[in-house]
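Remarks on the overall topology
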Amino acid sequence: MSSTPTSSSTVDHADTDSESYLADALQQKEEEIAQKHQQLSRLNEQVKGQRIQLRKESSERINTRKKLLSAYGELEKRVEERTETLEENKRTLTALVEQQVGDIKKTNLALQRSEKIYALAQKAVNMGSWEFIKSDQKMRWSENVYSMFNIEEGAFDNSIESFFDIIYEHDLNKVKEFFTLERTQTTETGVEFRLKKKGDGEKWFLLNGDSTSDREIDLIGVFQDISKRKLNELELDRYRSHLEEEISAATQELTESNDALQSAKEQAESANRAKSQFLASMSHELRTPLNAIIGFTEIILQGRDLSDENHEYMSIVNQSGNHLLALINEILDLSKIESGKTTLEKENLEPRNFIHSLCMLLTKKAEKNNTRIKYDICDSVPAYIYADTTKLRQIILNLAGNAIKFTHDGSVDINVSAVQSDEQEVKQLRFEVIDTGQGIRQDEIALLFSPFVQTESGLASKEGTGLGLTISKSYVELMGGEIKVGSEYGKGSNFSFTITLENPDDEAEFKHRTREQMFVSGLKPGQPSKKILIVEDEPNNTKLLSSLMERVDMEIHSVVDAESALELVPTLMPDLIWMDIMLPKMNGWEATRRIRNMGLNKVPPIIAVSASVTAEEIRNVQSSGCNDIILKPYKEYEIYEAMRSYLGLEFVYPESDEIEEQAATTDSTDLSKLRSMPEPWITEFLESLHSGNIDHLSEMTKEVESSDSELASSVQELLDQFEFEKLIDSLEGCTTI
């Protein structure tokens, strides 16, 4: 069926409008939906942000809650700890309170006991305490005071005036002053007073006290009953008076005794001066002839025209003179040791030659007892030392001489070694003298070093003075060492001592001085003769000194007294004066002073010559103006050394020159040829070298002569000059001794 066109167009138009409307409505809805979507997105964003914020706030709340829980737990813990602390403090406080309450109870009990003890103590020592209050002028006494004062408690109203009323009138003012005194640290608080007499006895009390820091009490103190002390003091005064009388009498006796002691002291000092004067006089009187004896015998012994017999006799005279001189020296040495006037005179010393020469000196004496003497010096011993040669020689000669004297058919060994001091690390030398002789009884060893004391063996020998060991001990101690002795009776003795070492002077100077001590035969050519004045009253001494001056071509003038010397000096103008000290009338010291005061253009050296060795004589050397002093009996080299030193002279030493020539000749000889000798001969030869047995060595040298005369001559020359070391060195290693 078909419709009409009008209806169809209307429908189409309606459809078109409807679609347009729907499209607009749809577009509007879509826009609305889009807006809703945008709003929804914004809401989602807002929700999302709010969720994030909520999560953040929730997390913070959770963290805060955790912190609060943790803080709460910590707070609970602290509360618990604090509670425990408070409980502990409560318990501690309770215990402390209980302890303090207990202590207070104990203190109260102790205080009560102390008060009782104090009361008993006060009663025991007759003492009572008091208190004073200035504001109301009241006193309070302890119970013991009432009994001490013999007052009933009811009879005393505690006022200070009531106390003053019972005091003896003469003591009242000082007691009142005590209570009104302004006190300082230096205030004296003790006051003695008496009570008014009640009955027959007088009672004394001591009032002591001082201010306090207590506001209620101004002064506190004690009363002490001193009645017995006062009675004792009175008794003591009476006894003191009696004692003073006795002391006066005793003082008188003591004064008289002191006068007697002073007189005895003066007598002793006078005796000591007399002894010193006697020793000085004896020294002079004995040394003066000894000077001539020893001096002339030495000059004679140097001559070539003596027969063997006369040479032996003259040697005996010289040895006897030296022995007598040694005895005099020992006595004088002991006197100087006792007076503390011994000093050291040090010089350079060569230990090996020194010991060797001493052994040579002792060899003859040892041979008489069929005793072998030998020495051993360690390699560590220095080549040169600085020591007092004279005293060291005397010590060794004393010890070795004693050893030889009491050793028959045995041996005496002298050993020298270097030791070290532990304290100051100062090197020392140790000397040992060991013998196989009689030995010493143990009960005699303690007496060995006492003066004038000899052992049983020493008395039997009828030799010596008993001074040698005493002097040796003193010398050893003076040289900074000590001496020891060990002995077994019947088997021998061992004496040892040490000395402290000092560095020697220059070695060249040492050798020079050794050379100067050799024999002088004349003045070196080209030197002018000097004018020498000898002032000496003893003809023999003048002759001896003149002979020594003539040997070196001096122009000699001599006078016998000081007055003649004073007249001669201005006109003679000598180059050197030998001045004897012990001159008649004017002594040498005074003569020297006067010569120094003459006003000469050139004052000559003045050398004192004296047999006296007192310390006063030595001091006079400088005070008088003397340049030096030489003691009699002197050695030749001392005279020539003084002339060399003060006049600048040089001398000829033929013996020294001969030694040098001989040494040069010997050096050209091959001493090693001695090694070809039989070993028994070498052993015996070395033993004799070490013991210093010259005669036996000369006999043994003759055995060399048969095979090598030149070698034998060289060996004999070395023996004659005591050059043992060269011979020992040449045989070193061949055998052992």
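Comments concerning helix α15 (residues 588-596)
Listing the buried residues of α15 in full gives Gly-588, Trp-589, Ala-591, Thr-592 and Ile-595. Projected down its long axis, α15 carries its buried residues within an arc of 165°, all on one side. Looking at where α15 begins, the residue whose side-chain oxygen comes 3.1 Å from the main-chain nitrogen of Trp-589 is Asn-587.

Considerations on the pattern of salt bridges
Tallying each qualifying case throughout the model produces 24 salt bridges. Among the salt bridges present, the one from Lys-174 reaches Asp-171, with a minimum N-O distance of 3.8 Å. Of this pair, Lys-174 and Asp-171 both sit in helix α4 (residues 169-180), 3 residues apart, roughly one helical turn. Accessibility expressed as a relative area gives 34% for Lys-174, which makes it partly exposed. As a salt-bridge pair, Lys-203 and Asp-225 come within 3.6 Å of each other at their nearest N and O atoms. Of the two residues, Lys-203 is situated in the loop between β3 (191-194) and β4 (204-211) and Asp-225 in strand β5 (residues 219-225); the sequence distance between them amounts to 22 residues. Residues participating in the shared-partner salt-bridge network are Glu-192, Arg-229, Lys-230 and Glu-233.

Some words on the nonpolar core
Ile-355, Ile-396, Ile-414, Phe-431 and Phe-497 are the most contacted members of the largest nonpolar core, which has 41 residues in total. Secondary-structure elements contributing two or more residues to this core are α7 (351-368), β7 (372-377), β8 (385-387), α8 (389-405), β9 (411-420), β10 (427-435), α11 (468-478) and β12 (492-500). Looking at this core, the element that brings in the most residues is α8, giving 7 residues. When sequence neighbours within four positions are dropped, the list of residues in contact with Ile-355 reads Tyr-375, Ile-377, Ile-396, Ile-414, Val-416 and Phe-431. Counting residues in each nonpolar core, the second largest holds 26 residues, with Phe-132, Trp-141, Phe-149 and Phe-164 among its members.

Here's the deal with helix α14 (residues 562-572)
Those residues of α14 that fall on the buried side of the exposure criterion are Ala-562, Ala-565, Leu-566, Val-569 and Leu-572. Down the axis of α14, the sector holding all buried residues measures 150°, keeping them to one side. Residues of α14 that are exposed and point over 90 degrees away from its buried face: Glu-567 and Thr-571. Structurally, α14 contributes buried residues whose contacts are with β14 (531-535), β15 (555-559), β16 (576-580) and α15.

Here's the deal with the sheet that holds β14
Spatially, the 5 strands line up as an open sheet ordered β15-β14-β16-β17-β18, and their pairing is parallel. If you trace the sheet from one side to the other, it starts and ends with β15 and β18 (628-631), each paired once. On average, adjacent strands in this sheet sit at an angle of 20° to one another, irrespective of strand direction. Inspection of the sheet shows β14 paired to β15 by 5 bridges, in the parallel sense. Bridge pairing in β15 places Ile-534 opposite Ser-558.

So, the side chain of Asp-171
We classify Asp-171 as buried; its relative accessible area is 3%. With near-sequence residues (within four places) excluded, Asp-171 lies in contact with Phe-193 and Arg-194.

Describing the environment of Glu-153
For Glu-153, the location among the structural elements is in the loop between α2 (143-149) and α3 (160-165). Separated by 10 residues in sequence, Glu-153 and Glu-143 place their C-alpha atoms 8.4 Å apart. Contact partners of Glu-153, with chain neighbours within four places excluded, come to Glu-143 and Tyr-146.

What counts and what doesn't
Residues numbered from 1 in each chain as written. Predicted model: local features only at pLDDT ≥ 70, side-chain atom pairs only at ≥ 80, totals over all residues. Heavy atoms only, no water. Buried < 20%, exposed > 50% of the residue type's maximum accessible area, 1.4 Å probe, protein only. Helix = DSSP H or I, 4+ residues; strand = E, 2+ residues; numbered from the N terminus. Arc of directions from axis to C-beta. Polar contact = N/O pair within 3.5 Å; in protein donor to acceptor, adjacent residues only side chain to side chain. Salt bridge = Lys/Arg side-chain N within 4 Å of Asp/Glu carboxyl O. Core = buried A, V, L, I, M, F, W, Y, C linked by side-chain atoms within 4.5 Å. Contact = heavy atoms within 4.5 Å. Pairing = 2+ DSSP bridges. Axes fitted to C-alpha atoms, helices over the stretch in contact; angles between N-to-C directions.

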